[in-house]
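# Remarks on the overall topology
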Amino acid sequence: MIEISTIWNLICPRLTESELVKNLNELSMQFTVRRGDLDRYTQDEKLVAAYSAFYLPTNMPKFKFLMDQLEPKIREQISQSHFWDFGSGPGTFSLAYLDYFSRADDLKVTLVDSSKLMLSQARLFLSSLFPKRMVKYLDKLPKEIQGKKTLLFGHSFNEIGYQRAIEIIRQVDPDYLIMIEPGTKEVFSYINDLRIYMREHGYACLYPCLNLHSDCPMTSRLSDWCHGVMRMVHDPDLERLSQLIKKDRRNMPFIAHVYQKGSWQSDSDKGTEQARLVRFLNNSKFGFEVEVCLCKENDLVIEKIQLLKKDMTKEEIKKFENINVGSKLTFTVIKKFDDFIRVKLSC
Ligand SMILES: C[S@@+](CC[C@H](N)C(=O)[O-])C[C@H]1O[C@@H](n2cnc3c(N)ncnc32)[C@H](O)[C@@H]1O
């Protein structure tokens, strides 16, 4: 795992804590209020340094969570493909990729970003932390891209724009597409358009949808949308920074999707049911009630399930209390009631 102190020591230029706070507040204004010139922060070295100090280390863990949700054979194929990190910024997900697959040989990584400052910060991080890896830095995509490839957009889809992102997907023609974006309703609406695009172009969804051929059941809910929530405790220095700028990074809503070209058959046990955790509803002394998204007669539906604590060990209860929303649950059905299903977790 990459230590926060290692990242902070490599940031250029060095900022004092008060400069960091000032620049992070400015960055936050640019992301949320002054959205007209969305890429202005990428041309200012202090804002790039502030982004690298805060958003890079808090976004990076999302990659590990996502990879852990995939089956081992998929992870292996992703590690064997060329990793294209589009809108790489300071290298957030290239670092996460090299760190996650640190035992794999011959990893190939290319970062693409229109900001020279972002790329030079990324180069500092990657060449210091992974000096032996084959990494390239480009300001635009080359005309021809060959071989097996994984294309990742990390918090960049919004800035790039939907139409341009689709052109990039067409040009790269990835074997795997990974999107990791903020967990907002606005992101959900264009990710849902992308979901339909990927379905129509022969891709299978590996995360989060258990059936890409069904419409997303969240689209019929007015004030809800499909997103995960990562629950994390960060390094104390990062926790302090997040308190100073009043940004909660312990509960991080995110929207992530993973697609694979062609069809896909899960290896998981056919004797059990699967669902995606959508929301915690209740944690009483008897058990947990949660909402899940599951596949029923080929349609995705949102259902309420109940897990009884008497069926769980102490460790399982603790683990479940801290589980991220968006995790896959595998279970056997114990009893069906009118408005909920009682289940027992398989693992
Ligand atoms: C919010 S940052 C995300 C950085 C990193 N992927 C992460 O998740 O932390 C978005 C990045 O996308 C880059 N970007 C925006 N539009 C782009 C485009 N059309 N081509 C290449 N990079 C672009 C910006 O320069 C910026 O570095």
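Placed above this text is the structure.
Scope of this entry: the structure provided in the associated data block. Since this is a predicted model, take the numbers as computed values, not measurements.

## As for the packing of aromatic side chains
Inspection of the entire model under this criterion finds 21 aromatic pairs. Judged by centre distance (5.4 Å) and plane angle (15°), the rings of Phe157 and Tyr190 are stacked. Highlighted residues: Phe157 in helix H8 (residues 157-160) and Tyr190 in helix H10 (residues 185-200), separated in sequence by 33 residues. For Tyr190, a relative accessible area of 12% puts it in the buried group. Through a chain of ring-to-ring contacts, three or more aromatic side chains come together here, namely Phe31, Tyr41, Tyr51, Phe54 and Tyr55. The ring of Phe288 has Lys309 sitting right over it, with the charged end atom 4.9 Å from the ring centre.

## Considering the site of the ligand
Every one of the 19 residues lining the ligand counts as a neighbour, but Tyr51, Thr92, Asp113, Gly154 and His155 are closest to it. Interatomic distance of 3.2 Å between a backbone N/O atom of Ser114 and a nitrogen atom of the ligand. Here His155 contributes a side-chain N or O atom positioned 2.7 Å from an oxygen atom of the ligand. Contact with the protein chains covers 91% of the free accessible surface of the ligand, which is 600 Å². Of all the elements in the fold, those that place two or more residues in the shell around the ligand are helix H3 (45-59), helix H6 (92-100) and H8. Residues of the shell around the ligand, tallied by class, amount to 6 nonpolar, 11 polar and 2 charged.

About the cut-offs
Residues numbered from 1 in each chain as written. Predicted model: local features only at pLDDT ≥ 70, side-chain atom pairs only at ≥ 80, totals over all residues. Heavy atoms only, no water. Phe/Tyr/Trp six-rings, centres within 6.5 Å; stacked < 30°, edge-to-face > 60°. Helix = DSSP H or I, 4+ residues; strand = E, 2+ residues; numbered from the N terminus. Buried < 20%, exposed > 50% of the residue type's maximum accessible area, 1.4 Å probe, protein only. Lys NZ or Arg CZ within 6 Å of the ring centre and 35° of its normal. Near = heavy atom within 4 Å. Polar contact = N/O pair within 3.5 Å; in protein donor to acceptor, adjacent residues only side chain to side chain. Areas by Shrake-Rupley, 256 points an atom, 1.4 Å probe, with all protein chains shown as cover. Nonpolar A, V, L, I, M, F, W, Y, C, P; charged D, E, K, R; others polar.

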